[in-house]
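Given next are the chains, with one letter for each unit.
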Amino acid sequence: MQRLSGRDGAGVCCWCLVRCCWRLCPKSAEIQCGVIWAMQNGFFNDMPVKSVQAAAASLQTHLETAKPAILAKIRLGNKIEKDGEAELKAACETWRRSFKA
């Protein structure tokens, strides 16, 4: 499992973050895919580990409100396709510029 290294130097595996963030509030498969993809592709790397839960919630809101078509593609295709990956990357870049850890 990939480990994230936040600015505070702590390494945390993606699965531990997801399990911790969503233990009491299950998320749809497309939201989980989108957020885990963002984690694995470095969008959470430069933030403190303590901010990851808020960041995941913020990304979820961004995807649900600004980019629901991306979530629909993931849901209908049961995976992130190449064209959907480019859209997801652009959406994550937009979200990351606006999110302050």
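Note that the structure is predicted; figures quoted are calculated from it, not measured.

Participant: An account of the nonpolar core is needed here, citing residue identities and associated values.
Facilitator: With 21 residues, the main nonpolar core has Phe 44, Leu 59 and Trp 95 as its most contacted residues. Those elements that provide at least two residues to this core are helix H2 (29-40), helix H3 (52-66), helix H4 (68-77) and helix H5 (82-98). Leaving out residues up to four positions away in the same chain, Leu 59 has contacts with Gly 34, Val 35, Ala 38, Phe 44, Cys 92 and Trp 95.

Participant: An account of the side chain of Gln 60 is needed here, citing residue identities and associated values.
Facilitator: Counting through the fold element by element, Gln 60 comes out in helix H3. Given the relative accessible area of 14%, Gln 60 is considered buried. Within the structure, Gln 60 has its side chain in polar contact with the side chain of Lys 27 (distance 3.5 Å). Apart from residues lying up to four places away in sequence, Gln 60 is in contact with Lys 27 and Ile 31.

Participant: A description of the pattern of salt bridges should follow, citing residues and the corresponding values.
Facilitator: In the structure shown here, the tally under the stated rule is four salt bridges. Close ionic contact of Glu 30 with Arg 75 constitutes a salt bridge, the shortest N to O distance being 2.7 Å. Of this pair, Glu 30 sits in helix H2 while Arg 75 sits in helix H4, placing them 45 residues apart in sequence. One salt bridge in this structure joins Asp 46 and Arg 96, with 2.6 Å as the shortest N-O distance. Residue Asp 46 is located in the loop between H2 and H3, and its partner Arg 96 is located in helix H5; the two are separated by 50 residues in the primary sequence.

Participant: Before we move on, can you summarise H5 with the specific residues and values?
Facilitator: For H5, which comprises 17 residues, the first-to-last C-alpha distance of 25 Å matches the rise-based estimate of 24 Å (1.5 Å per residue) to within 8%. Three or more residues of H5 are buried, namely Gly 84, Leu 88, Ala 91, Cys 92, Trp 95 and Arg 96. All buried residues of H5 fall inside an arc of 135 degrees around its axis, so they share one side. More than 90 degrees from the buried face of H5, the exposed residues found are Lys 82 and Arg 97. Buried residues in H5 make contact with H2, H3 and H4.

Participant: Report on the packing of H2 against H4, specifying residues and quantitative values.
Facilitator: Closest axis-to-axis distance for the H2/H4 pair is 9 Å, and the angle between their directions is 110 degrees. Judged on the interaxial angle alone, H4 and H2 are roughly perpendicular. Crossing geometry of H2 relative to H4 is assigned as right-handed. Only Leu 71, Ile 74 and Arg 75 of H4 make contact with H2, whose side of the interface consists of Glu 30, Ile 31 and Cys 33.

Basis of the calculations
Residues numbered from 1 in each chain as written. Predicted model: local features only at pLDDT ≥ 70, side-chain atom pairs only at ≥ 80, totals over all residues. Heavy atoms only, no water. Core = buried A, V, L, I, M, F, W, Y, C linked by side-chain atoms within 4.5 Å. Buried < 20%, exposed > 50% of the residue type's maximum accessible area, 1.4 Å probe, protein only. Helix = DSSP H or I, 4+ residues; strand = E, 2+ residues; numbered from the N terminus. Contact = heavy atoms within 4.5 Å. Polar contact = N/O pair within 3.5 Å; in protein donor to acceptor, adjacent residues only side chain to side chain. Salt bridge = Lys/Arg side-chain N within 4 Å of Asp/Glu carboxyl O. Expected span 1.5 Å × (residues − 1). Arc of directions from axis to C-beta. Axes fitted to C-alpha atoms, helices over the stretch in contact; angles between N-to-C directions. Parallel < 35°, antiparallel > 145°, perpendicular 65-115°, else oblique. Left-handed = near helix turned anticlockwise from the far one by under 90°.

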